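# Descriptive structure summary
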Amino acid sequence: MKQKIKTLFDDPAKMNVLVLGGGGREHCLAEALSKSRITAELHVAPGNPGIEKIAKVHDIDTRNSFSVKNFCAAFDIEFVVIGPEAPLAEGIADSLRENGIKVFGPGAAGAKLESSKAFAKLFMRRHGIPTSRFDICTNQEECRAALLPRTAPYVIKADGLAAGKGVFLADDIREAEALCGNLLCGAKLGTAGMTVVIEDFAPGKELTVLAITDGKTYRLLEPSRDHKRVFDGDKGPNTGGMGAYAPVTLPDGIMDMVRDIVLVPTLDGLRNEGIDFRGVLYMGLMLDETGGSPSLSVIEYNVRFGDPETQAILPLYSGDIGAALLAAAEGNLDDCDELVHSGCSLCVVMTSGGYPGGFKRGFPISGLEKELPGVHIYHGGTRHGAEKEQKKILTAGGRVLSVVGVGATFTEAKEKAYEMVSAINFEGAHYRKDIGWSES
Ligand code: GLY
């Protein structure tokens, strides 16, 4: 591997940056970093064909700390941005920091907010953060005792990481007990399901709020809403996300509530427990507006940028996102400029037919060359065709592309996104036609 030699002519304010991950979220993060004043060379692993246009991509094992550390040494990487949850849960951020590398993303202790639902629930209880009542169960008797006093829909969560497939709603108690049995014995999700959290159903509308933080201070990003079900009308199984939009129109005072009763107590709690959290805190919230005054509760924390929320949120920002990520990693977020945003965005995820169930890969994608002002296309499950020089891009995963429209209004953003979507085609392509329904 070629080592970069620093010369007197290198700009000392710039550094070589590595992004770990290869989905739409990482394409969007890489786009922001490629424009940042902090970036000298931009590297992404494993990346994808879309990312290849703005960064050097490399095939390394992103969950193996030796591979990542060796790569950083070989390519003179000073700053690493970790996209997905798995390397964070594995403690990749810890081992990079031990080697003096700046990292955007928490260590394994902070990542437990996402990698263990039971840990997150107990953390919220300890720190008075609103979340629905829950029981943590490790055997069938405990599950039965937790289910009996509750009514349908029964909410059952696998404790561990499950790539968005660890939350279940059951309409009757028999179905709930059977589900718990399948999780506890490892049949459904392996070790991730061997502890389950059973909690009260929280009514309302889901809301995602992300905050970039250095553990002390924070920058709240615009509120967004993800659409997790595969079909229009929020029907069908859950997916990794079929689309998102930002900002969500909220009643007055909701973002203040998010800050005061969720974000600040969470950051205080992390600090009080000795957890140095530098990265992004994803607050998956339920907003219930049915009572006299709106109420908020936390459904889940994630410890990384959301996908596809990131693809909807970051294009709204005109400032230097890369500099903000670096400031958070260095513990200097207070010194960083406020992030400036404008307009509205809407992201439509195009998937392979059959996803989130079985699907075929390898279909050529047409229409990618079309350019529309205010439209971003982020690659996820794509790959080059065998004849790379023919420039064919093929489908290679479930969530193939995130197509984002940005405009002065929500309607404009939506029209742009869907105009682009209708120009792109591949065999079996599926997408929801109603992203943003709750806003229109
Ligand atoms: N959009 C949901 C997630 O990123 O987990």
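Here the structure is a predicted model, which is why all the values come from computation and not from measurement.

Reading guide: rules and limits
- Residues numbered from 1 in each chain as written.
- Predicted model: local features only at pLDDT ≥ 70, side-chain atom pairs only at ≥ 80, totals over all residues.
- Heavy atoms only, no water.
- Near = heavy atom within 4 Å.
- Polar contact = N/O pair within 3.5 Å; in protein donor to acceptor, adjacent residues only side chain to side chain.
- Nonpolar A, V, L, I, M, F, W, Y, C, P; charged D, E, K, R; others polar.
- Pairing = 2+ DSSP bridges.
- Helix = DSSP H or I, 4+ residues; strand = E, 2+ residues; numbered from the N terminus.
- Axes fitted to C-alpha atoms, helices over the stretch in contact; angles between N-to-C directions.
- Buried < 20%, exposed > 50% of the residue type's maximum accessible area, 1.4 Å probe, protein only.
- Contact = heavy atoms within 4.5 Å.
- Salt bridge = Lys/Arg side-chain N within 4 Å of Asp/Glu carboxyl O.
- Core = buried A, V, L, I, M, F, W, Y, C linked by side-chain atoms within 4.5 Å.
- Phe/Tyr/Trp six-rings, centres within 6.5 Å; stacked < 30°, edge-to-face > 60°.
- Lys NZ or Arg CZ within 6 Å of the ring centre and 35° of its normal.
- Parallel < 35°, antiparallel > 145°, perpendicular 65-115°, else oblique.
- Left-handed = near helix turned anticlockwise from the far one by under 90°.

Every residue close to the ligand is listed here: Asp-226, Tyr-282, Asn-302, Arg-304, Gly-306, Asp-307, Pro-308 and Glu-309. Interatomic distance of 2.7 Å between a side-chain N/O atom of Glu-309 and a nitrogen atom of the ligand. Here the shell around the ligand is composed, by residue class, of two nonpolar, two polar and four charged.

Spatially, the four strands line up as an open sheet ordered E6-E9-E7-E8, and their pairing is antiparallel. One side of each edge strand has no neighbouring strand; the edge strands of this open sheet are strand E6 (134-137) and strand E8 (167-170). Shown here is a sheet whose adjacent strand axes are inclined to one another by a mean of 25 degrees, direction ignored. In terms of strand pairing, strand E7 (residues 154-158) meets strand E9 (residues 196-199) through four bridges, oriented antiparallel.

For the rest of this paragraph, the subject is helix H5 (residues 108-115). Buried residues of H5: Gly-110, Ala-111, Leu-113, Glu-114 and Ser-115, and no others. Residues of H5 that are buried make contact with helix H3 (85-89), helix H6 (117-126), helix H9 (254-272), strand E16 (279-288) and strand E17 (295-302).

This paragraph deals with the pattern of salt bridges. Side chains that differ in charge, positive against negative, can pair when their charged atoms come close. Across all of its chains, the model carries 25 salt bridges by this definition. Close ionic contact of Asp-268 with Arg-271 constitutes a salt bridge, the shortest N to O distance being 2.5 Å. Here Arg-271 and Asp-268 lie together in helix H9, a separation of three residues that amounts to about one turn. Arg-271 gets classed as partly exposed once you look at its relative accessible area, which sits at 39%. Connected through salt bridges with shared partners, the residues Arg-133, Asp-135, Arg-150 and Asp-200 form a single ionic network.

Okay, the nonpolar core next. Residues Leu-18, Val-80, Leu-113, Met-283, Leu-285, Tyr-301 and Leu-346 are the most contacted members of the largest nonpolar core, which totals 70 residues. Filtering out sequence-adjacent residues up to four positions away, Tyr-301 remains in contact with Leu-113, Glu-114, Ala-120, Phe-123, Met-124, Ile-129, Thr-266, Leu-281 and Tyr-282. Formed by 45 residues, the second largest nonpolar core is a distinct cluster that contains Ala-32, Val-280, Phe-305 and Ala-327.

Quick look at the packing of aromatic side chains now. The tally for this structure, following the rule as stated, stands at seven aromatic pairs. Summarising the aromatic geometry, the rings of Phe-71 and Phe-75 are spaced 4.5 Å apart at their centres and angled 20 degrees between planes, so their arrangement reads as stacked. By relative accessible area, which is 16% here, Phe-75 ends up buried. Measuring from centroid to centroid gives 5.5 Å for Tyr-245 and Phe-410, while their planes differ by 70 degrees, and the two rings are edge-to-face. Taken together, the residues span a long stretch of sequence, with Tyr-245 in strand E15 (residues 243-246) and Phe-410 in helix H12 (residues 410-423) at a distance of 165 residues. Grouping aromatic residues by their ring pairs yields a cluster made of Phe-119, Phe-123 and Tyr-301. Stacked on the ring of Tyr-431, the Lys or Arg Lys-433 has its end atom at 4.5 Å from the ring centre.

It is worth spelling out the packing of helix H7 (residues 140-147) against helix H8 (residues 173-184) at this point. Relative orientation of the contacting elements H7 and H8 amounts to 150 degrees, with a least axis distance of 10 Å. Taken together, the axes of H7 and H8 are roughly antiparallel relative to one another. Regarding H7 and H8, the two cross each other, and that crossing is right-handed. Packed against H7, whose contacting residues are Gln-140, Cys-143, Arg-144 and Leu-147, the element H8 presents Ile-173, Ala-176, Glu-177, Cys-180, Gly-181 and Leu-184 at the interface. Grouping the amino acids of the contact of H7 with H8 by side-chain chemistry returns six nonpolar, two polar and two charged.

A word on the packing of H5 against H6. It is the contact of H5 with H6, at a shortest axis distance of 6 Å, that shows an interaxial angle of 100 degrees. Viewed along their axes, H5 and H6 adopt a mutual orientation that is roughly perpendicular. The residues of H6 that touch H5, namely those facing Lys-112, Leu-113, Glu-114 and Ser-115, are Lys-117, Phe-119, Ala-120 and Phe-123.

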